[in-house]
Amino acid sequence: MTTRSPISIREVVSDALLTAGVLVLLFVAWQQWFTNVRGDTVHQQEQSRLLKHWGSTLDSNGLPESSKSTGSHSSYPDPVRKVRIEALMYIPKLRSHLWGTPVVYGTSLHSLAHGVGRYPSSPGFGGIGNLGLAGHRTTHGRPFRHLDELKRGDIVAIRTQKTWFIYRLDRTTIVNPDDGWVAQPHPYANAPQRMITLTTCNPLHSARQRLVWWGHFVRSQSDSSIPRELLKGA
Amino acid sequence: MYRWIFRALPGPVWARIATLAAAAAIVLWGLFAWVFPWVEPLFSQPTVP
């Protein structure tokens, strides 16, 4: 009678290598596909929660109607998901990709999984200083996927509960990941007092660099009417 | 290793396949819900400090 070894070293090693390969492929699938499917859903949910908090709904162009809420806090602190949703972001040039995207407080990976993140050191929307916003380029709903397609003069609109804030983009650059100065006040000579900075990863599928867009504050207006810049792109 | 696990499982072949498929689904859920989100910060951060 012969006895057969239940398991050989060779078999264990080959199965371990196979498992490692499958794990790497699964991680790529999770990051590049699953987080985007999940992210799209999460962004929509956060947008709905904020609109409900404001007492508002979307019109046929996907733009919020006037807020019917008299609450004094325009941001929505979500206690379940531990994220604070502050505003909605619109870029007419990227209408099919970035239209009503939630803006959340903070730029941790957890925050950025729920929308575009506002740097904690930033001033409020429309405030004096540099309003820094960060977003994913290829994962978690990829809100800034097409930031490289923007041109000088393109509009960025931020909607809070009662106010629209309009910014116009001025210049772009590509920097190293540790170049935090880009989101600080006065990042370049003659920088405007009220400005916006958008940052995301560059190139696509890499965190080797950061793509940066700077813009200046144009004006703010009441939520009782839609900014003409958005109607033009609608 | 997987061959050994498959042989060690009780029942007919279809039951073993079903058991392994269920185990794989649980492992996949654990990876997607817990392990990969925990690992991700090592590879991804789209902000500047």
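Structure: see above.
Enquirer: Teacher, can you tell me more about the overall build of chain B here?
Expert: Looking only at helices and strands, one finds two helices and zero strands in chain B. Every one of the 49 residues in chain B was classed for burial, and the buried ones make up 27%. Working note: accessible area of chain B is about 3500 Å², and carbon and sulfur atoms make up 81% of it.

Enquirer: Looking at this model, I keep getting lost on the side chain of E46(A). Mind explaining?
Expert: Of note, E46(A) is situated in helix α1 (residues 9-54). Once residues lying within four places of it in the same chain are set aside, the contact partners of E46(A) are D78(A), R81(A), V83(A), I85(A), P102(A) and H114(A).

Enquirer: What is the right way to read the packing of aromatic side chains from this model?
Expert: Any two aromatic rings considered together are summarised by their centre-to-centre distance and by the angle between their planes. Following the criterion strictly, the structure yields 11 aromatic pairs over all chains and no others. Taking 6.1 Å as the distance between ring centres and 40° as the angle between the ring planes, the aromatic pair formed by W181(A) and W214(A) counts as tilted. With a gap of 33 residues between them, W181(A) in the loop between β7 (163-175) and β8 (194-202) and W214(A) in strand β9 (residues 209-222) connect regions that are remote in the sequence. In this structure, R118(A) packs its charged tip against the face of F125(A), placed 5.7 Å from the ring centre. Against the face of F6(B) rests R16(B), its NZ or CZ located 5.4 Å from the ring centre.

Enquirer: Can you help me understand the layout of surface pockets in this one?
Expert: Any empty space left between the atoms is revealed when a probe the size of a water molecule rolls over them. Here the largest pocket is characterised by a volume of approximately 600 Å³. Lining the largest pocket are 18 residues; nearest its centre among them are R38(A), H110(A), A113(A), H140(A) and P37(B). Going through the elements one at a time, α1 and α2 (109-112) of chain A together with α2 (13-39) of chain B are the ones with two or more residues in the lining of the largest pocket. Top element by residues in the lining of the largest pocket is α1(A). It accounts for seven residues.

Enquirer: Which parts of the structure should I look at to understand the interface of chain A and chain B?
Expert: Many descriptions give the size of an interface as the accessible area lost when the pieces come together. Counting residues at the interface gives 33 residues for chain A, matched by 20 residues for chain B. Taken together, the two surfaces of chain A and chain B that pack against each other cover about 2400 Å², and 63% of this comes from carbon and sulfur. Counting the surface chain A buries against chain B, the share from its top three residues, F27(A), W30(A) and L109(A), is 24%. Counting across the chain A and chain B interface gives one salt bridge. There are eight residue pairs in polar contact (both at pLDDT 80 or more) connecting chain A and chain B. Of all the elements in the fold, those that place two or more residues in the side of chain A that touches chain B are α1, α2 and β8 of chain A.

Enquirer: Is there a simple way to explain the pattern of salt bridges in this structure?
Expert: Side-chain pairing between opposite charges can occur once the charged atoms of the two side chains come close. Residues and elements named next belong to chain A. Going through the model one piece at a time under the given rule, you end up with 10 salt bridges over all chains. The shortest N-O distance in the salt bridge between R49 and E46 comes to 3.0 Å. Taken as a pair, R49 and E46 lie in helix α1 at a separation of three residues, close to a single helical turn. One salt bridge connects R49 with D78, and the closest N-O pair in it is separated by 3.8 Å. Here R49, found in helix α1, pairs with D78, found in strand β1 (residues 76-78); they are 29 residues apart in sequence, far enough to count as distant. Several salt bridges share partner residues, and in doing so they unite E46, R49, D78 and R81 into one network.

Enquirer: What is the right way to read α2(B) from this model?
Expert: Residues spaced three or four apart along an α-helix point in a common direction, a consequence of the helix completing one turn every 3.6 residues. Of all the bends in α2(B), the largest measures some 45° and sits at L31(B). Within α2(B), burial applies to A15(B), R16(B), G30(B), L31(B), F32(B), F36(B) and V39(B). Buried positions along α2(B) lie against α1 of chain A together with α1 (2-8) of chain B.

Enquirer: Explain the nonpolar core to me, please; I cannot follow it from the model alone.
Expert: Nonpolar side chains tend toward joint burial in soluble globular proteins. Residues and elements named next belong to chain A. Counting residues in each nonpolar core, the largest one holds 23 residues, and the members touching the most others are M89, L133, V156, I158 and L198. Of all the secondary-structure elements, those providing two or more residues to this core are β2 (83-90), β5 (129-134), β6 (155-159), β7, β8 and β9. When neighbours within four sequence positions are excluded, V156 is seen to be in contact with M89, Y90, I91, F165, I166, Y167, L169, I196 and L198.

Enquirer: Explain the packing of α1(A) against α2(B) to me, please; I cannot follow it from the model alone.
Expert: Angle between the axes and distance between the axes: these two values describe a pair of packed helices. In the contact formed by α1(A) and α2(B), the axes pass within 11 Å of each other and the chain directions differ by 80°. Taken together, the axis directions place α1(A) and α2(B) in an arrangement best described as roughly perpendicular. Contacts between α1(A) and α2(B) pair L23(A), L26(A), F27(A), W30(A) and F34(A) from the former with L28(B), L31(B), F32(B), F36(B), P37(B) and V39(B) from the latter.

Cut-offs used in this document
- Residues numbered from 1 in each chain as written.
- Chains lettered and ligands numbered in written order.
- Predicted model: local features only at pLDDT ≥ 70, side-chain atom pairs only at ≥ 80, totals over all residues.
- Heavy atoms only, no water.
- Helix = DSSP H or I, 4+ residues; strand = E, 2+ residues; numbered from the N terminus.
- Buried < 20%, exposed > 50% of the residue type's maximum accessible area, 1.4 Å probe, protein only.
- Areas by Shrake-Rupley, 256 points an atom, 1.4 Å probe, with all protein chains shown as cover.
- Contact = heavy atoms within 4.5 Å.
- Phe/Tyr/Trp six-rings, centres within 6.5 Å; stacked < 30°, edge-to-face > 60°.
- Lys NZ or Arg CZ within 6 Å of the ring centre and 35° of its normal.
- 1 Å grid on protein atoms, 1.4 Å probe; cavity = no way out; pocket = protein on both sides within 12 Å on 5 of 7 lines; lining within 4 Å.
- Points joined across faces, edges and corners; volume = space filled by probe spheres on them.
- Buried area = accessible area lost by both parts, 1.4 Å probe.
- Salt bridge = Lys/Arg side-chain N within 4 Å of Asp/Glu carboxyl O.
- Polar contact = N/O pair within 3.5 Å; in protein donor to acceptor, adjacent residues only side chain to side chain.
- Bend = angle between axes of the 7 residues up to and from the residue.
- Core = buried A, V, L, I, M, F, W, Y, C linked by side-chain atoms within 4.5 Å.
- Axes fitted to C-alpha atoms, helices over the stretch in contact; angles between N-to-C directions.
- Parallel < 35°, antiparallel > 145°, perpendicular 65-115°, else oblique.

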